[in-house]
Amino acid sequence: MTNIPTQDSDRAPQNHRTIDRVTRIIEEVVYNPGMSFAELARVLDAPKSSVHGFIRGLLAAGWLHEDNHRFYLGPAVYGLTLATGHIRAGLVTDTDVAALHEATGVTTFLGVKAGDHLIYVSEAGSETLGGFGARSNIRRTLLDTAGGKAILASLSDTERNAYFRRCTPEEANLVEQFLAEFDDIRKTRLAQNTLRGGARYAIATTVQNQSGQVVAEVTLVGPTSEMKPRAEELGRLLLEHVDSWRNRSTKAREAL
């Protein structure tokens with residue numbers, strides 16, 4: 001008997017091989033500017049003819065720029081950032097992230113939800129040198145990050161339960177752990193996480209716009225031995241800075 005897809009399954013995010021490969025090209029060029037065609041083909045592990053077609057299309061649309069047979073991020077990305085006025089171009093700037101880092105003395109990351117993952121878009125500090133790996137690990141699962149858990153706690157029950165249904169059996173322990181922390185995250189607006197076997201500690205909260213919509217998250221991360229004793233102070237500073245950003249306008253800027 002043929003199974004008829006339910007309305008929920010029709011709406012659920014689904015991976016698409018072509019989309020996955022195109023976004024992987026863009027992400028690789030962002031974090032490794034100047035990659036050659038051969039390097040991109042090797043990373044994607046896809047037929048060279050397919051990779052060539054993807055790259056030609058991205059070049060034509062302005063998502064990539066080619067110089068001396070090397071590929072870089074194209075102007076279309078920067079155009080979208082300026083046009084939307086969100087996150088780094090509007091509500092939260094790199095200066096804000098740097099100011100929070102200065103106030104807390106620990107590394108600060110700004111991240112956004114992308115599908116079922118968290119992507120860091122700005123950073124201030126040196127924790128990447130200590131093993132946090134935001135640059136080498138572009139996409140991180142929501143359940144495995146403090147920022148991701150803060151975002152999950154902000155979702156509606158319907159959205160959150162739909163996310164849980166998409167989780168793999170291997171993530172069952174992470175789901176259980178999140179549910180145990182859920183009430184506290186909602187009450188304090190702060191989510192916590194430990195990394196590298198407990199050597200690193202992270203605390204995060206969400207960033208909201210004037211309408212109360214969650215548009216990003218901010219994570220503070222550093223050595224557990226230094227951050228844990230300051231957890232209350234760091235949480236207070238984090239919330240103070242994030243709340244000060246909320247009343248800013250996020251209207252799109254005028255076209256350049």
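Here, every reference points to the structure presented above.
Reading guide: rules and limits
- Counting restarts for each chain, with residues numbered from 1 along the sequence as it is written.
- Reporting in this predicted model follows two pLDDT cut-offs: at least 70 for local features of residues, and 80 or more for side-chain atom pairs to be given and counted; totals over whole chains, interfaces and linings ignore these cut-offs and use all residues.
- Remark: hydrogens and water are excluded; side-chain values derive from all non-hydrogen atoms of the structure.
- Helix and strand assignments come from DSSP, with helices taken as H or I runs of at least 4 residues and strands as E runs of at least 2, each series counted from the N terminus.
- To sort residues, take the accessible area from a 1.4 Å probe on protein chains only and compare it with the maximum for the residue type: under 20% means buried, over 50% means exposed, and anything in between is partly exposed.
- In this charge count, Lys and Arg are treated as positive and Asp and Glu as negative; neither His nor the chain ends contribute.
- By salt bridge we mean one thing: a side-chain nitrogen of Lys or Arg within 4 Å of a carboxyl oxygen of Asp or Glu.
- By definition, two strands form a pair when at least two bridges between them are found by DSSP.
- Among the buried residues, those of types Ala, Val, Leu, Ile, Met, Phe, Trp, Tyr and Cys that are joined through side-chain atoms within 4.5 Å form a nonpolar core.
- Residues count as neighbours in contact if any of their non-hydrogen atoms are within 4.5 Å of one another.
- Put simply, two rings from Phe, Tyr or Trp (the six-membered ring, in Trp's case) pair if the centres are within 6.5 Å, and we call them stacked under 30 degrees between planes, edge-to-face over 60, tilted for the rest.

Caption draft 1: The arrangement of the side chain of Arg21 in detail. Following the sequence through the fold, Arg21 ends up in helix H2 (residues 17-31). The side chain of Arg21 is buried and forms no salt bridge, while Asp45, the nearest opposite charge, is found at 7.2 Å.

Caption draft 2: Here's a closer look at the pairing of strand E8 (residues 214-223). Most of E8 sits out of view: 7 of its 10 residues are buried. Note that strand E3 (residues 107-114) and E8 share 5 bridges and pair antiparallel. Each residue of the ladder has a partner; that of Thr107, found in E8, is Val221. Counting the residues in the hairpin turn of strand E7 (residues 200-208) and E8 gives 5 residues, including Gly212, whose phi is positive at 85°.

Caption draft 3: Broad picture of the nonpolar core. With 23 residues, the main nonpolar core has Leu143, Leu152, Tyr163, Phe164 and Phe178 as its most contacted residues. If you list the elements that add at least two residues to this core, you get strand E4 (117-124), helix H7 (146-154), helix H8 (157-166), helix H9 (172-188), strand E6 (191-195) and E7. The element contributing the most residues to this core is H7, with 5 residues. Excluding anything up to four places from it in sequence, Tyr163 contacts Asp116, Leu142, Leu143 and Leu152. Ala124, Tyr201, Ile203 and Val218 belong to the second largest nonpolar core, which has 21 residues in total.

Caption draft 4: Examining the packing of aromatic side chains more closely. One pass over the full model with this rule turns up 4 aromatic pairs. Through pairs of rings, three or more aromatic residues link up here, namely Tyr163, Phe164, Phe178 and Phe182.

Caption draft 5: Spatial organisation of the side chain of Thr205. With respect to the secondary-structure elements, Thr205 resides in strand E7. Thr205 has contacts with Ala150, Arg189, Leu190, Glu217, Val218, Leu238, Leu239 and Val242, leaving out every residue within four places of it along the chain.

Caption draft 6: Seen up close, unusual backbone geometry. Although it is not a glycine, Asp45 adopts a positive phi angle of roughly 50°. Here Asp45 shows up in the loop between helix H3 (37-44) and helix H4 (48-61). A relative accessible area of 66% places Asp45 in the exposed class. Positive phi outside glycine occurs at Asn68, with the angle close to 55°.

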